[in-house]
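# Reading the structure
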Amino acid sequence: MANALEIRLLGPFEVVDDGRRVPVSGSKRDALLAVLALHRGRLVEVDALVAALWDEDLPSSPRNAIQHHVTRLRAVLGRDAIGGSADGYALNAASVDVVEFEELLARARAALREGDARAGGDAADEALALWRGSALHGLTDTIWFLAEARRLEALRVDALEEQFEAALALGEHREVVSAIRRALDDQPFRERLWGQLMLALYRSGRQAEALDTFQEARRVLGDELGLEPGPELRQLQEAILMQDAGIAPVPAAGRRRGNLPAPSTSFVGREPELATVVALLRERRLVTLTGPPGVGKSRLALEAARALEGETPDGAWMVELARAGSDTDVARLLARAVGTRGSDTLERSVARLRDAEALVVLDASEHVLEATRAAAETLLRECPRVRLLVTSREVLHVTGEVRVPVEPLVTISQSDDEAPAVELFLERARAARPGFELGSDGAALVAEISRLLDGLPLGIEIAAARVNALGLHELLTIVQGRLDLLEDRPPSDAARSALGALVEWSYDVLHADEKALLHALAVHRGGASLPSLAAAAGAHGLDEATVTYLLGALVDKSIISVSFPADSSRYDVLDTVRAYVLERLESAGGLDAARQAHAEYFAALADEARYPLRGSAWSGWKARLDLEIDNLWAALEHVTARADGPLALRLGTGLAWYFVISERVSEGRRFVDRALAAADDGEPGAALVELLAFACYLRTEEGDFDSAVAAGERAIALATLGGDPKDALAQTALALALTERGEAERAGALAADAYGGLTAAGDDWTAASVALLRALVAARSGDAATVAEMAAAARRHAAAVGFAPFHIPALILDAWVAERRGDDDAAASAYTTALELSAAEGFPDHAAFALTALGLQALQRGDLRRAEELERRALAVANHVAETWAGAHARVALARVLHAGGDAETAAALLRGVCAWCEQPRTHEARESLFLALAGDPADAAAAALAELGSVPTPV
């Protein structure tokens, strides 16, 4: 429990008791309380208190003066606030900002020392946030206080330097240049700040400015102190001149603190509800917003998350469960939202959030309520600092849940202000018809329209959009007429609501072409692109120009929404409207046909992506498929439900490599396995053989070797039936699986046979793939000659099709060969080139592996400073993609460097962390087999290194 009494010394002196400022009244009493606070509850001798408060200018009876001031302080703060004896006094049970600051600074230093730049930066941020001005401001200026103020100000600069260090490690070099310059204006003699500025400038592509900064530091230090820059600054200058890879920028991203979308419209009429939800979330861990469709639950949740975003260190995350096709999608969508991946997606999300202070919004959960309930219970149990905000038509019934019913907007104001419903109508009407104003009876008409629509924001927005074509009297007549039509319908009719009536009217007044386009959009999941809607509408005789016009009309009518990710338009429809449209489509017998057309379009998209993903256009196609992944899953679900083997096969073969290159191995395995389950074994064909080969590879990467071998054996059997017993991709995928299962002899023969069957006139991408896989098999057996040959072949074939990502593993293989041959220079050159290419192409695990290898080379040369810098950068890059094999490998290497430098305790802590991580259930990421083949299991390496440190005690 926090202490009620707070002493604030990092700025103007303040005493706060239970949230209220307490006037201590007296400069010496202020100073006395400050001295006791700075001693952290320890007894301070009376003589020390006298010296701190008066220097040489002592009162006539200083000990009596101290006792008098203590008595007065106890009268203000409470008798038990200050304990004492004849020897001295101590401040009891108080919270002191200086103490908290120094603890946070120590935590930041420890985290950075252990390679956790994210935690180090967060701790430094928290420490600096405690400062409100100059230390000990307003207190006495005795020698003791002046010295203490100087000490604290120096620690403040230390914290700034740790903050900058973390930012540089996280790839935030551009963001911190100005902040470092400001710090140097106040502290021009801090060499570490000069070095950080040089590094930030260099990594921002400003080499000349970085070198000019060194000369500026030399002038400042020489003119003012008569000193030359120290060895670290001189070494950094040399590294910049040489463009040393050890200081180059790496593909490390800044701290991702959530994924909340930007608002597209203003937030109107919910301010009291927003305050209630925010207050509850500050106190409780699970809040569920309930209410009917269209009442505004999602928008209220989004605004509450935005309000809390700034005080949630690890971010606010929106999980759009409207995209879930079934309960199984909940964990996948959660994992994608928080930026993790793996076979057990819920477990991976828990691992990502376990120590995080975050807010997770589970939006639109009513159609996947059981899975949402399970996910919520797991997050609440396993992630103690995570809060959940859920929107649903019904509560989850989870222990600790607080339900907040979201009521319709008030339609009639009790004051001169506009009612919230009228205010919302006006905002949206003015967007549809600029300059729209209410006439003499306009407010009453809008209030009546809003009342008939039950105050539901969605209905009000749809109605307001119609003022571009209708007057308020006509709009009221239409809304009233639609409701009158419902009077004769049975109460169970789903349309028997004001919102249903308005949605129905909005749908009915659309012409046939608009309805056809809306039908096509409704079967999409996660939005639709203009090309996919144009393709669907083409079956109804609509060309792209007409579709573009109709989309604009539907957006103007608030029937659909539009967003612009990656500079392209993307269209979607609200859940309430989608449900109604799908119901109408199904009742007309057209739903299955619409879903079939949707599946056929996305199967065609997979076909179209299949080969470009293996060439120079791979990154653009990957970005396009990233936007369509929910639609691709929806297409696969439809074709597997219909047992449509040909379409399932096209989806699987078209997308298998996409999942690999995207480093989404486990998701890719599930996708491929589902496609395989629907494929027709009676028609083997090359496509099915290829899909089985990818299944073999993906299962191998997940560590499921028996299942991988089974898929590979089946692929070769089907290839033999089809007249191609030496399908190279199938043979090599099986060879890798056999290698991992310990059948090296057969694996080697298969891999050699596979590559031997390829000709120069064949498929270069397949040849490059087979060469790399054969190199991995050879590396497992220590066959450096074959590794070198296959790495060169992979580069040659990859260059023929312009596929740069294959060059990265080939370079790492080259470096491994050079190391085994004792050619350290060639190895360093290959690792450096691999690092640069990894940064350019966006493969952080490979960059981290190369940095780790360069750091180990520096360790072998005895350059511990350089080795530690490289290993910390490797760890920062690996942390960009959360906890990975590359991160564990970098921690083992960093531990070896620290041990060599004499810091055995930190080294042991790092190694124990690796062992603990490796014991947890985990998944293998894409191309992890490459790292395992070349460097082995980090768990074994950590255990071996710990054995060398056996004399280091485990901290209690």
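Residues numbered from 1 in each chain as written. Predicted model: local features only at pLDDT ≥ 70, side-chain atom pairs only at ≥ 80, totals over all residues. Heavy atoms only, no water.

Attention now moves to the overall build of the protein chain. A count of helices and strands for the protein chain gives 42 helices and 15 strands. Here the C-alpha radius of gyration of the protein chain, 33 Å, is about what a compact globule of 956 residues would show, namely 30 Å. Expressed as lengths along the three principal axes of its C-alpha atoms, the size of the protein chain is roughly 100 × 90 × 50 Å. By residue count, 55% of the 956 residues in the protein chain fall in the buried class. In the structure as shown, the protein chain presents an accessible area of about 39,700 Å², 50% of it carried by carbon and sulfur atoms. (Helix = DSSP H or I, 4+ residues; strand = E, 2+ residues; numbered from the N terminus. Rg over C-alpha atoms; globule rule 2.2 N^0.38 Å. Buried < 20%, exposed > 50% of the residue type's maximum accessible area, 1.4 Å probe, protein only. Areas by Shrake-Rupley, 256 points an atom, 1.4 Å probe, with all protein chains shown as cover.)

Next up on the list: unusual backbone geometry. Phi angles above zero are rare outside glycine, and Leu 136 is one such case at about 60°. Note on placement: Leu 136 falls in the loop between helix H5 (117-129) and helix H6 (143-169). A positive phi angle is found at His 397, which is not glycine, with a value near 65°. Note on placement: His 397 falls in the loop between strand E11 (386-392) and strand E12 (402-405).

We now examine the packing of helix H4 (residues 97-113) against H5. At a minimum axis separation of 7 Å, H4 and H5 run at an interaxial angle of 165°. Taken together, the axes of H4 and H5 lie roughly antiparallel to each other. For the element pair H4 and H5, the recorded crossing hand is left-handed. In contact with Phe 101, Leu 104, Leu 105, Arg 107, Ala 108, Ala 111 and Leu 112 of H4, H5 contributes Ala 117, Ala 119, Gly 120, Ala 123, Ala 124, Glu 126 and Ala 127. Partitioning the contact of H4 with H5 into residue classes produces 11 nonpolar, one polar and two charged. (Axes fitted to C-alpha atoms, helices over the stretch in contact; angles between N-to-C directions. Parallel < 35°, antiparallel > 145°, perpendicular 65-115°, else oblique. Left-handed = near helix turned anticlockwise from the far one by under 90°. Contact = heavy atoms within 4.5 Å. Nonpolar A, V, L, I, M, F, W, Y, C, P; charged D, E, K, R; others polar.)

So, about the nonpolar core. Judged by nonpolar contacts, the single largest core of 142 residues is most densely connected at Leu 651, Trp 657, Leu 813 and Tyr 831. Excluding anything up to four places from it in sequence, Tyr 831 contacts Ile 812, Ala 815, Trp 816, Glu 819, Phe 849, Ala 850, Ala 853 and Leu 854. Grouped together as the second largest cluster of nonpolar side chains are 50 residues, Leu 53, Leu 77, Val 96 and Leu 136 included. (Core = buried A, V, L, I, M, F, W, Y, C linked by side-chain atoms within 4.5 Å.)

This part is about helix H34 (residues 784-801). Taking 1.5 Å per residue as the helical rise, H34 with its 18 residues ought to reach 26 Å, and the 26 Å between its terminal C-alpha atoms agrees with that figure. Residues Ala 784, Thr 786, Val 787, Ala 788, Met 790, Ala 791, Ala 793, Ala 794, His 797 and Ala 798 constitute the buried set of H34. For H34, the elements touching its buried residues are helix H32 (744-756), helix H33 (764-780) and helix H35 (807-820). A positive phi of about 70° marks Gly 802, the residue just after H34. (Expected span 1.5 Å × (residues − 1).)

What the rule picks out here adds up to 17 aromatic pairs. Taking the centre distance of 5.2 Å and the plane angle of 45° together, the rings of Phe 659 and Phe 671 count as tilted. Here Phe 659, found in helix H27 (residues 645-661), pairs with Phe 671, found in helix H28 (residues 665-678); they are 12 residues apart in sequence, far enough to count as distant. Like Phe 659, the residue Phe 671 is buried in the burial classification. (Phe/Tyr/Trp six-rings, centres within 6.5 Å; stacked < 30°, edge-to-face > 60°.)

Pairing of strand E1 (residues 5-8) with strand E2 (residues 14-17), which is carried by four bridges, proceeds in the antiparallel orientation. Bridge assignment links Arg 8 to a residue of E2, and that residue is Glu 14. Remark: five residues form the turn of the hairpin made by E1 and E2, two consecutive strands paired antiparallel; Gly 11 in that turn has positive phi of roughly 140°. Pairing of E2 with strand E3 (residues 20-21) involves two bridges; the strand directions are antiparallel. Among the inter-strand pairings, Val 16 is bridged to a residue of E3, identified as Arg 21. (Pairing = 2+ DSSP bridges.)

Here we come to the packing of helix H2 (residues 46-54) against helix H3 (residues 62-77). Axis separation between H2 and H3 bottoms out at 10 Å; the angle between their running directions is 90°. One way to sum up the angle between H2 and H3 is to call them roughly perpendicular. From H2, Val 46, Asp 47, Leu 49, Val 50, Leu 53 and Trp 54 reach across to H3, where they touch Pro 62, Arg 63, Ala 65, Ile 66 and His 69. The residue makeup of the contact of H2 with H3, split by class, is eight nonpolar, one polar and two charged.

On to the sheet that holds strand E8 (residues 286-290). Ordered in space as E9-E10-E11-E8-E12, the five strands form an open sheet in which the pairing is parallel. Looking along the sheet, the strands with just one partner apiece sit at the ends: strand E9 (316-320) and E12. The sheet shows a mean angle of 20° between the axes of neighbouring strands, direction not considered. In the sheet, E8 pairs with E12 via four bridges, with the strands oriented parallel. What sits directly across from Thr 288, in E12, is Arg 403. Across the sheet, helix H11 (residues 271-283) touches E8, strand E10 (358-363), E11 and E12, and the angle it forms with E11 is around 140°. Seen against the sheet, helix H12 (residues 297-309) touches E8, E9, E10 and E11 and runs at an angle of roughly 160° to E11.

Glancing now at the sheet that holds E1. Whether parallel or antiparallel, the strands of a sheet pair through hydrogen bonds between backbone atoms. Strands sit in the order E3-E2-E1-E7 across an open sheet of four strands; the sheet is mixed. In this open sheet, the two edge strands, each paired with only one partner strand, are E3 and strand E7 (95-96).

This part covers the confidence of the model for the protein chain. The predicted model of the protein chain has a mean per-residue pLDDT of 84, with 91% of residues at 70 or higher. Contacts from residues 491-496, a stretch scored under 50 in pLDDT, to residues over four places away or in other chains number 10 contacts. Contacts for the low-pLDDT stretch residues 951-956, under 50 throughout, to residues beyond four places or in other chains number six contacts. (pLDDT = per-residue confidence, 0-100.)

Examined against the element boundaries, Ala 754 turns out to sit in helix H32. For Ala 754, a relative accessible area of 0% translates into the label buried. Through-space distance from the C-alpha of Ala 754 to that of Ser 558 is 58 Å; in sequence the pair is 196 residues apart. Leave out the neighbours within four places in its chain, and Ala 754 touches Ala 728, Gln 731, Thr 732 and Val 770.

The topology assignment puts Thr 852 in helix H37 (residues 844-861). Setting aside residues up to four positions removed in sequence, Thr 852 forms contacts with Glu 871, Ala 874, His 889, Ala 890 and Ala 893.

A word on the side chain of Ser 529. Relative to the elements of secondary structure, Ser 529 occurs in strand E13 (residues 528-529). The buried category is assigned to Ser 529, whose relative accessible area is 11%. In contact with Ser 529, not counting residues within four places along its chain, are Ser 569, Arg 570, Tyr 601 and Glu 628.

Another aspect to go through is a nonpolar patch on the surface. A contiguous nonpolar patch, built from Phe 189, Leu 225 and Leu 227 and spanning about 270 Å² of accessible area, is present on the exposed surface. Here Phe 189 shows up in the loop between helix H7 (173-186) and helix H8 (191-203). Relative accessible area serves as the criterion here: at 39%, Phe 189 is assigned to the partly exposed category. (Patch = residues over 30% accessible without salt bridge, like charges linked within 9 Å, V, L, I, M, F, W, Y side chains within 5 Å. Salt bridge = Lys/Arg side-chain N within 4 Å of Asp/Glu carboxyl O.)

Here we come to helix H13 (residues 329-338). Burial within H13 is extensive, with nine of its 10 residues counted as buried. When H13 is considered as a whole, its buried residues turn out to be Asp 329, Val 330, Ala 331, Arg 332, Leu 333, Leu 334, Ala 335, Ala 337 and Val 338.

With that settled, consider a negative patch on the surface. A surface patch of like charges, here negative, comprises Glu 271, Glu 418, Glu 423 and Glu 427. By secondary structure assignment, the location of Glu 423 is in helix H16 (residues 420-432). (Lys, Arg positive; Asp, Glu negative; His and termini not counted. Charge placed at Lys NZ, Arg CZ, Asp CG, Glu CD.)

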